[in-house]
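What follows is each chain in one-letter form.
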Amino acid sequence: MHEFAPANRTDGEIARLVKTVVTPRPIAWISTVSDAGVDTLAPFSSYNYVSLKEPTVLFNTPNGERSELKDTARNALESGEFVVNIVTEADIERMDHTSAALPEDESEFGLVDIERGESRTVSAPRVADATVSMECRLHDSIEVHDKLMILGDVQYVHVDDDLLTDSQIDMRDLDTVGRLGGPYYTVSGPLAFERQY
């Protein structure tokens with residue numbers, strides 16, 4: 001058994017370890033709008049939920065001064081809103097292209113020719129053909145070492161009718177994409193298992 005303390009490894013080694021063992025990581029394809037009215041769209045694979053009764057989701061981004069933050073993080077903090085679009089297998093190439101670094105006055109929607117969908121409760125557009133989109137209002141932001149955790153309360157949800165069985169999302173039809181370590185991704189495939197406890 002190989003054992004070590006994180007303090008005895010380089011930042012790169014620890015990042016690779018965590019990103020390899022904390023898998024599969026769901027991907028939030030987050031859309032925002034800047035103060036100048038520019039729509040942004042970017043994927044974040046450090047994403048999850050923290051509350052269900054009052055649904056709250058979060059994503060993590062590199063921390064820094066406000067001017068150093070990624071456009072998505074800065075826009076979410078300044079506007080107080082963002083949209084989480086779910087990434088499915090059909091979206092993987094478009095999602096990857098929206099990782100490109102663009103000037104502040106250019107939109108990833110235009111770069112990849114992604115249709116904007118109108119949101120109901122926030123100014124930021126959603127990805128029109130995303131199977132699920134969740135409109136969020138900023139709940140809080142928390143600095144955790146080198147990361148900034150941004151939490152959003154879900155205000156409104158859009159779900160593709162094709163996903164529904166008896167008015168509920170059928171996981172068998174939702175082929176979400178997850179991030180693995182290195183250059184690898186995975187597509188969800190349900191494993192039927194009856195819990196005993």
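Now for a quick tour of the structure. Bear in mind the structure is a predicted one, so any value in this text is a computation, not a measurement.

1. Comments concerning the pairing of strand E6 (residues 81–86)
- The buried count for E6 comes to six of six residues, which makes it a mostly enclosed element.
- Residues of E6 alternate between two faces, with Glu81, Val83 and Asn85 on one and Phe82, Val84 and Ile86 on the opposite face, all of them buried.
- In the sheet, strand E2 (residues 28–33) pairs with E6 via four bridges, with the strands oriented antiparallel. Across the sheet, residue Ala28 finds its bridge partner in E6, namely Ile86.

2. Section: a nonpolar patch on the surface
- There is a patch of nonpolar side chains on the surface, built from Phe4, Leu17, Val18, Val21 and Val22 and spanning about 410 Å² of accessible area.
- Mapping Leu17 onto the fold places it in helix H1 (residues 11–21).
- The class for Leu17 is partly exposed, based on a relative accessible area of 36%.

3. Some remarks on the environment of Tyr184
- Following the sequence through the fold, Tyr184 ends up in the loop between strand E13 (177–179) and strand E14 (185–187).
- For Tyr184 and Thr20, which are 164 residues apart along the polypeptide, the C-alpha to C-alpha distance reads 9.6 Å.

4. Structural notes on the pairing of strand E10 (residues 147–159)
- Relative to E10, strand E5 (residues 56–62) runs antiparallel, the two being bridged by seven bridges. For Pro62, the partnering residue across the bridge sits in E10 and is Lys147.
- Pairing geometry for strand E9 (residues 132–144) and E10, over 12 bridges, is antiparallel. Within E10, the residue paired with Asp140 across the bridge is Leu151.
- Counting the residues that bridge the hairpin from E9 to E10 gives two residues, and of these His145 lies at a positive phi of roughly 55°.

5. As for the environment of Arg116
- Among the secondary structure elements, Arg116 is positioned in strand E7 (residues 116–117).
- Here Arg116 falls in the partly exposed class, since its relative accessible area comes to 40%.
- With 68 residues separating them in the primary sequence, Arg116 and Asn48 have C-alpha atoms 24 Å apart.
- Ignoring anything within four residues of it in the chain, the contact list for Arg116 reads Asp39, Ser107, Phe109, Gly110, Pro125, Arg126 and Ala128.
- A distance of 3.3 Å separates a polar atom in the side chain of Arg116 from a polar atom in the side chain of Ser107.

6. Here's the deal with the packing of aromatic side chains
- All told, the structure shown has two aromatic pairs when counted by the stated rule.
- Pairing Phe44 with Phe59 gives two aromatic rings, centres 4.9 Å apart and planes at 55°, and the pair type is tilted. Within this pair, whereas Phe44 is found in strand E3 (residues 39–44), its partner Phe59 is found in strand E5, the two being separated by 15 residues in sequence.
- Measuring from centroid to centroid gives 5.3 Å for Phe59 and Phe82, while their planes differ by 80°, and the two rings are edge-to-face. On the criterion of sequence distance, the pair formed by Phe59 in strand E5 and Phe82 in strand E6 is long-range, its members being 23 residues apart. Both residues of the pair, Phe59 and Phe82, belong to the buried class.
- In this structure an aromatic cluster arises from ring pairing among Phe44, Phe59 and Phe82.

7. A look at the pattern of salt bridges
- This model, assessed by the stated rule, comprises seven salt bridges.
- Measuring nitrogen to oxygen at the nearest pair gives 3.4 Å for the salt bridge that ties Glu104 to Arg74. Taken together, the positions of Glu104 in the loop between helix H3 (92–97) and helix H4 (108–111) and Arg74 in helix H2 (residues 71–79) put the pair 30 residues apart, joining distant regions of the chain.
- Among the residues examined, Arg74 registers a relative accessible area of 11% and is labelled buried.
- The network of salt bridges with common partners includes Asp71, Arg74 and Glu104.

Procedures and definitions
Residues numbered from 1 in each chain as written. Predicted model: local features only at pLDDT ≥ 70, side-chain atom pairs only at ≥ 80, totals over all residues. Heavy atoms only, no water. Buried < 20%, exposed > 50% of the residue type's maximum accessible area, 1.4 Å probe, protein only. Helix = DSSP H or I, 4+ residues; strand = E, 2+ residues; numbered from the N terminus. Pairing = 2+ DSSP bridges. Patch = residues over 30% accessible without salt bridge, like charges linked within 9 Å, V, L, I, M, F, W, Y side chains within 5 Å. Areas by Shrake-Rupley, 256 points an atom, 1.4 Å probe, with all protein chains shown as cover. Salt bridge = Lys/Arg side-chain N within 4 Å of Asp/Glu carboxyl O. Contact = heavy atoms within 4.5 Å. Polar contact = N/O pair within 3.5 Å; in protein donor to acceptor, adjacent residues only side chain to side chain. Phe/Tyr/Trp six-rings, centres within 6.5 Å; stacked < 30°, edge-to-face > 60°.

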